[in-house]
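Results of the structural survey
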Amino acid sequence: RRTAGIAAPASVPTRVEGPKMSFDIPLSAYGRRVGPSRFSAGPLQEVMKQEGAHVMAQGVPPVTALPIASLSATLADGSTVELDAVETRNAQRYAPFAWAPLRSWLLEHVREQHSPPSEHWDVSITAGSMLGIDAVLRLLLDPGDAVLCEEFTFLASKDNLLAAGAPPPPPPPWSHAS
């Protein structure tokens, strides 16, 4: 499938269909240009798993450069969380190594609690909610797109819309107290 002269990989659906819904997902020019991450999918991930491999793609440090050997933390309720040497090493690396167990748990949790209406869904882990919103806006909005939001909206969301080139419209004049 080709969109705007850029091949969309078969593994990334741009049309989502399920028993309860069906809709197209139009990616922005940025989203089509960037495409799926070669970091978390494909042959690079397999190479990164090899003991002794020094893959410096996208800043991945070699295992010998990781400073923490193991971790143990005591929580407020007195319970402890311990990571052995392998878990600690993987947690200090990027992408699938660090978040694979959390991502698996989140997928199952969302599946059980929310029953997504389509079989084509996934979860994403970001460093914070605004980073996640920024990523979605960049993938879906092109400069000049219109976005409606409530008058009283979190300012950081409006900042993200402005950065994406899709400024929210001003509130209607009757909404301001005189």
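Numbers given for residues are sequential positions, taken from 1 along each chain in its written order. At least 70 in pLDDT is required for a residue's local features to be given in this predicted model, at least 80 for side-chain atom pairs to be given and counted, and no such filter applies to totals for whole chains, interfaces and linings, which use all residues. Water and hydrogen atoms were dropped before computing side-chain values, which therefore reflect all heavy atoms in the structure.

**Brief notes about the overall build of the protein**
Of regular secondary structure, the protein possesses six helices and six strands. Going from N to C terminus, the protein has its helices and strands arranged as β-β-β-β-α-α-β-β-α-α-α-α. Only protein chains enter the area calculation, which uses a 1.4 Å probe; residues under 20% of their type maximum are buried, those over 50% are exposed, and those in between are partly exposed. Relative to its full complement of 178 residues, the protein shows a buried share of 19%. Partitioning the contacts of the protein with sequence separation of at least 6, the portion at a separation of at least 24 is 44%. Only the protein chains shown count as cover for residues, and the accessible areas themselves come from Shrake-Rupley with a 1.4 Å probe. As displayed, the protein has an accessible area near 12600 Å², and 60% of this comes from carbon and sulfur atoms. Labels follow the DSSP assignment, with helices taken as runs of H or I lasting at least four residues and strands as runs of E lasting at least two, numbered in each case from the N terminus. By the convention used here, residues are in contact when the closest approach between their heavy atoms is within 4.5 Å.

**A short note on the pattern of salt bridges**
By salt bridge we mean one thing: a side-chain nitrogen of Lys or Arg within 4 Å of a carboxyl oxygen of Asp or Glu. By the definition in use, this model includes three salt bridges. Where E108 meets R111, a salt bridge forms, and the shortest distance between an N and an O atom there is 2.9 Å. Here E108 and its partner R111 are both found in helix α4 (residues 96-114), three residues apart, which amounts to about one turn of the helix. Residue classification places R111 among the partly exposed residues on the basis of a relative accessible area of 42%. Residue D134 is joined to R138 by a salt bridge in which the shortest nitrogen-to-oxygen separation is 3.2 Å. A residue pair is termed a helical-turn pair when its members lie 3 or 4 positions apart in one helix, as D134 and R138 do in helix α5 (residues 129-140) at four residues. A relative accessible area of 15% means that D134 is categorised as buried. The partly exposed category is assigned to R138, whose relative accessible area is 37%.

**Here's the deal with the confidence of the model for the protein**
Segments scoring low in pLDDT should not have their predicted coordinates read at a detailed level. A score between 0 and 100, pLDDT records how confident the predictor is in each residue. The pLDDT averaged across the protein works out to 76; a share of 70% of its residues lies at or above 70. No element of the protein has a lower mean pLDDT than strand β1 (residues 2-3), at 30, and none a higher one than strand β5 (residues 71-74), at 91. Note on residues 1-16: pLDDT under 50 across the span, and 26 contacts to partners over four residues away in sequence or across chains.

**Thoughts on the environment of A65**
Here A65 shows up in the loop between α2 (43-49) and β5. Sequence separation of A65 and Q92 is 27 residues, and the distance between their C-alpha atoms is 9.9 Å.

**As for the side chain of S118**
Within the secondary structure layout, S118 lies in the loop between α4 and α5. By relative accessible area, S118 is classed as buried at 7%. N or O atoms within 3.5 Å of each other form a polar contact, as long as, within protein, one can give a hydrogen and the other can take it, and as long as residues adjacent in sequence are counted only when both atoms are side-chain atoms. In this structure the side chain of S118 is engaged in a polar contact, spanning 3.0 Å, whose partner is the backbone nitrogen of H120.

**Points about α5**
A helix is expected to reach a length of 1.5 Å times the quantity of its residues less one. Helix length check: α5 (twelve residues) gives 17 Å between terminal C-alpha atoms against 16 Å at 1.5 Å per residue, within 8%. Inspection of α5 places G132, D134 and L137 among the buried residues, and these make up the whole buried set. The inward-facing, buried residues of α5 abut α6 (155-163).

**Remarks on a nonpolar patch on the surface**
Each patch is assembled from residues with relative accessible area greater than 30% and no salt bridge, linking like charges that lie within 9 Å and nonpolar side chains (Val, Leu, Ile, Met, Phe, Trp, Tyr) that lie within 5 Å. Side chains of L102, W105 and I125 sit close together on the surface and give an oily, nonpolar patch of about 300 Å² of accessible area. Looking at W105, the relative accessible area reads 52%, which means it is exposed.

**Notes on the pairing of β5**
Along a regular strand, successive side chains alternate from one face of the sheet to the other. By this definition, two strands are paired if DSSP reports at least two bridges between them. Relative to strand β6 (residues 80-83), β5 is paired through four bridges, and the arrangement is antiparallel. Its bridge partner being in β6, A73 is matched across the sheet by V81. Linking two consecutive strands that pair antiparallel, namely β5 and β6, is a turn of five residues; a positive phi of about 95° is found at G78 within it.

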